[in-house]
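The primary structure of each chain is shown beneath.
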Amino acid sequence: MGSVKIVKVHDYLWEIPKEGSMNVPGRIYADRKSIEHLREEGRSKQWDALLQVKNVARLPGIQNASLAMADIHPGYGFPIGGVGAFDVETGVVTMAGVGFDINCGVRTMIVDVPRSDIERRKEDLADALFRSVPAGLGSTGYLKLSMKEIDQVLRQGARFSLERGFGVEGDLDYIEEGGVVGGADPGCVSRHAKERQFKQVGTLGSGNHYLEVQYVDEVFDRPSAEVFGLKEDTVVVSIHTGSRALGHQIGTDYLRTLKRASEKYGISVLEAELVAAPIKSPEGEQYIAAVNSGINCAFANRQAIGGLVRNVFKEQFAIGDSGIGMLYEVGHNNLKFERHEVNGVMRKLLVLRKGATRAFGPGRREVPGRYRPVGQPVLVGGTMGTCSFVLVGTEQGMDETFGSAVHGAGRLKSRKQALRQYRGETVIRDLAGEGIIIRVHSKRGAAEEAPGAYKDVERVVAIMEGAGVNKRVVRLKPMICIKG
Amino acid sequence: MGILGWGQSVAEAFEEAAAAMFDLMIEPGEYKQAVIGEVACNGNTLVELLIEFLNGILSISDRKEMAAVCVDVERISMSDGGWSLESRVFGISRAEAGGNLLTEVKAATYYGSSVAKGTDPDRWEAKCVVDL
């Protein structure tokens, strides 16, 4: 461990040269301090994110490079912050490149209420959100679904929740893919996965999932901010969650399927979760159809929660539907068929982003028309005590990273380390002292998610901006944080 | 988060690994338990059996809306096709558990997993990392 050869390309980009069985080099967006931390971590622990970048570079059909964004940390076979793009004819799909929380992502909504009004009624608003949005282990949503309805969720995505009264029609225009992906096949999702989801649509979950009320603290790129409808003190609500238990079960179920496929097709398995199948194999196609179903489930989940949040604001501040609108919604644990230029030729690729956000730059047709001149908003969650960011992709990012960005701060300390170092009550009290209201279902969760357990998100986004891959648009500071 | 269970047999080590996972999900304590259901699974190796077993418990707990607090591994056996396990899971309803519920476990993973005898030849150890 910790013996991966790595060379500096420039101050914010490092390369693992192609050698041995690697099909492409590895490229990591990082500064020297981050690289030293990753090397040290690889030497002292079983977890070696740099080795994981190298292992992904060995997968068949990978194009250009095995990439890691600046929030890189060790994952299950594929580093968190990892991006891999695969040729659809010769490439593979791996469960590790999507993970257990399929289409986990962030929705951010803009609230047309002055920040000062929110500040005045912060406690009441926090209580109302905490009461209204189901969160934490064992929470159940307002929708109680049958097997037939779950299949509809998996095919219809956000529209399923919209048609049951959660949100407004215009929401879908500002969700990645319009809130539904094609290619979903509920028949590829197990009965157990569906049964686990009967009551979980419209629930936040626990762990690092959250709902935050935030305000724009600083504007870095005013033209882009204007296009996004953001300025100093604009209030927003961000929802971070995914496909819940259904996604977890899909991951678990397909570990075995893809393990058998790896053996069948002679794909070397370098880590247990890095099992894979050719994209154009029955097993690969089934897994992709199951993941697409999970992606739609996450869209439905965030749409339902978005509807609940909108109702709370309407009740608390006597605003109409138009008083709380969408900025954008984008996932960060996904697979997607996308068209990118490789060696001067535009090609269809399967792009896996594990803890990495799609960050399409100006001009891409997938970006909503209003945002197309500047690129899509990239929503990057920080910690409950620090800040989050809205970034935008760049043309250089399209060339270098298949249009990708960081997804968050990235953990610095394991949950176990965090529990040893922090107490939930103390974390909540300290943040209250800074004017941040925390509502949690589990105080242990607050300790695990303490701001000190994460990397400095400011440094993470500065690395990406320094590399020219993403640009900061605004920084968001938290006022209220709801956690499971 | 890593979990480790140990015991004088593989079955006992599995039960203890599950108990470690339950401690992440619900405050340890005395609960009036009911049967959640049975988890039967198989694996080519003992590690695969462990991961299937733990994920089976997560799955049945969600489906029955229960919080697992204890498991009884009734049988672990080996045949030409690999290992198989039968167990019975006990717990309480999530509504009843209320404020004692802690963190969701998304899945048991293969990362850092092993099932082997420890330095003490009478002690089996079962460990893995669970995704929270």
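Residues numbered from 1 in each chain as written. Chains lettered and ligands numbered in written order. Predicted model: local features only at pLDDT ≥ 70, side-chain atom pairs only at ≥ 80, totals over all residues. Heavy atoms only, no water.

1. Examining the overall build of chain B
As a reminder of what qualifies: The helix count covers DSSP runs of H or I at least four residues long, the strand count covers runs of E at least two residues long, and both are numbered beginning at the N terminus. C-alpha atoms define the radius of gyration, and 2.2 Å times the number of residues to the power 0.38 defines the globule rule. Three labels apply to residues, based on accessible area from a 1.4 Å probe with only protein chains included: buried if under 20% of the type maximum, exposed if over 50%, partly exposed otherwise in between. Every residue pair with non-hydrogen atoms within 4.5 Å of one another is taken to be in contact. Note on areas: Shrake-Rupley, 1.4 Å probe, and residue coverage restricted to the protein chains presented here. We treat Lys and Arg as the positive residues and Asp and Glu as the negative residues; His and chain ends play no part in the count. Charged groups are reduced to one reference atom each: NZ for lysine, CZ for arginine, CG for aspartic acid, CD for glutamic acid.
Tallying secondary structure elements over chain B gives three helices and six strands in all. Order of helices (α) and strands (β) in chain B, N terminus to C terminus: β-α-β-α-β-β-α-β-β. Over its C-alpha trace chain B gives a radius of gyration of 14 Å, about what one expects of a compact globule, namely 14 Å for 132 residues. The C-alpha extent of chain B, read off along each of the three principal axes, is 40 × 25 × 25 Å. Per-residue burial for chain B yields a buried fraction of 56% across its 132 residues. In chain B, the proportion of contacts linking residues at least 24 apart, taken out of those at least 6 apart, comes to 68%. Total accessible area computed for chain B in this model is approximately 5,600 Å², and 46% of it derives from carbon and sulfur atoms. One finds the centroid of the 10 positive side-chain charges in chain B at a distance of 2 Å from the centroid of its 21 negative side-chain charges.

2. With respect to the environment of A:Phe160
Residues and elements named next belong to chain A. Inspection of the secondary structure puts Phe160 in helix α6 (residues 158-162). Owing to a relative accessible area of 0%, Phe160 belongs among the buried residues under this scheme. Sequence-wise, Phe160 and Ile319 are 159 residues apart; in three dimensions their C-alpha atoms are separated by 25 Å. With residues up to four places along the chain from it excluded, the contact list for Phe160 reads Leu143, Leu145, Glu149, Gln152 and Val153.

3. Some words on the packing of aromatic side chains
What counts here: Two rings belonging to Phe, Tyr or Trp (six-membered ring only in the last case) form a pair when the distance between their centres is within 6.5 Å. Interplanar angles under 30 degrees mark stacking, angles over 60 mark edge-to-face geometry, and anything in between is tilted. Cation placement over rings: the criterion is NZ of Lys or CZ of Arg within 6 Å of the ring centroid and within 35° of the ring normal.
The full count for this structure, using the stated rule, is 11 aromatic pairs over all chains. Site record: aromatic cluster; members linked through ring pairs are A:Trp47, A:Tyr76, A:Phe100 and B:Tyr111. The side chain of A:Arg358 reaches across the aromatic face of A:Phe360, ending 4.5 Å from its centre. The aromatic ring of A:Tyr454 is capped on one face by A:Arg411, whose charged end is 4.9 Å from the ring centroid.

4. Focus on unusual backbone geometry
Residue and element names in this part refer to chain A. Positive phi, close to 55 degrees, is recorded for Asn103, a residue that is not glycine. Its location among the elements puts Asn103 in the loop between β6 (92-94) and β7 (105-111). Its relative accessible area of 0% is what places Asn103 among the buried residues. Positive phi values are uncommon outside glycine, yet Ala318 reaches one of about 50 degrees. Topologically, Ala318 is positioned in the loop between α10 (282-317) and β11 (324-331). The exposed category is assigned to Ala318, whose relative accessible area is 71%.

5. Section: the pairing of strand β5 (residues 80-87) of chain A
All names here are of chain A. Where we set the bar: Think of it this way: DSSP has to see at least two bridges between two strands before they count as a pair.
Most of β5 sits inside the fold, with eight of its eight residues counted as buried. One ladder, built from three bridges, connects strand β4 (residues 66-73) with β5; its direction is antiparallel. Within β5, the residue paired with Ala68 across the bridge is Gly82. The hairpin turn running from β4 into β5, its antiparallel successor, is six residues long, and Gly77 in that turn takes a positive phi close to 90 degrees. In this structure, β5 lies alongside strand β13 (residues 345-354), joined through six bridges in antiparallel fashion. In the strand pairing of β13, Ala85 is matched with Val351.

6. Section: the side chain of A:Asn103
Defined as follows: For this analysis, a polar contact is any N or O atom pair within 3.5 Å, provided that within protein one partner can donate a hydrogen and the other can accept it, and provided that sequence-adjacent residues contribute only side-chain to side-chain pairs.
Engagement of the side chain of A:Asn103 in a polar contact is seen with the backbone oxygen of A:Ile295, the distance being 3.0 Å. Those residues within four positions of A:Asn103 in sequence are excluded, and the remaining contacts are A:Thr241, A:Gly242, A:Ile295, A:Ala298, A:Phe299, A:Arg302, A:Gly331, A:Asn333 and A:Asn334.

7. Remarks on the interface of chain B and chain A
Convention followed: In short, buried area is how much 1.4 Å probe accessible area vanishes from two parts on joining, totalled over both. When a carboxyl oxygen of Asp or Glu lies within 4 Å of a side-chain nitrogen of Lys or Arg, that pair is called a salt bridge.
Chain B puts 30 residues into the contact, and the matching count from chain A is 39 residues. Carbon and sulfur atoms make up 51% of the surface buried where chain B meets chain A, a total of about 3,100 Å² over both sides. When residues of chain B are sorted by the area they lose upon contact with chain A, B:Glu104, B:Lys106 and B:Tyr111 head the list and together hold 25% of the total. Where chain B touches chain A, the interface holds eight salt bridges. For B:Glu104, the salt bridge is made with A:Arg244, and the minimal N-O distance between the two is 2.7 Å. Here chain B and chain A share 15 residue pairs in polar contact (both at pLDDT 80 or more) between them. Looking at the side of chain B that touches chain A, the elements with two or more residues in it are α1 (10-25), β2 (34-43), α2 (46-64), β5 (107-117) and β6 (124-131) of chain B. Top contributing element to the side of chain B that touches chain A by residue count: α2(B), with seven residues.

8. Considering helix α5 (residues 147-156) of chain A
Residues and elements named next belong to chain A. Our working definition: To obtain the arc, one takes the directions from the helix axis to the C-beta atoms.
Inspection of α5 places Ile150, Asp151, Val153 and Leu154 among the buried residues, and these make up the whole buried set. Buried positions in α5, seen along its axis, are confined to an arc of 155 degrees and lie on one side of it. On the buried face of α5, the contacting elements are α6, α7 (191-196), α9 (244-265) and α10. Of the residues trailing α5, Gly157 is marked for its positive phi of about 60 degrees.

9. Concerning the sheet that holds β13(A)
Residue and element names in this part refer to chain A. Going by this rule: To get an axis, fit a line to the C-alpha atoms, keeping to the stretch in contact for a helix; angles then go from 0 to 180 degrees between the N-to-C directions.
Reading across the sheet, the seven strands line up as β1-β2-β3-β4-β5-β13-β12 and stay open at both edges, with mixed pairing between neighbours. The open sheet has two edge strands with one neighbour each: β1 (7-10) and β12 (333-342). Each strand axis lies, on average, 25 degrees off the axis of its neighbour in the sheet, ignoring direction. In terms of strand pairing, strand β3 (residues 26-29) meets β4 through three bridges, oriented parallel. Bridge pairing links Arg27 to Leu67 in β4.

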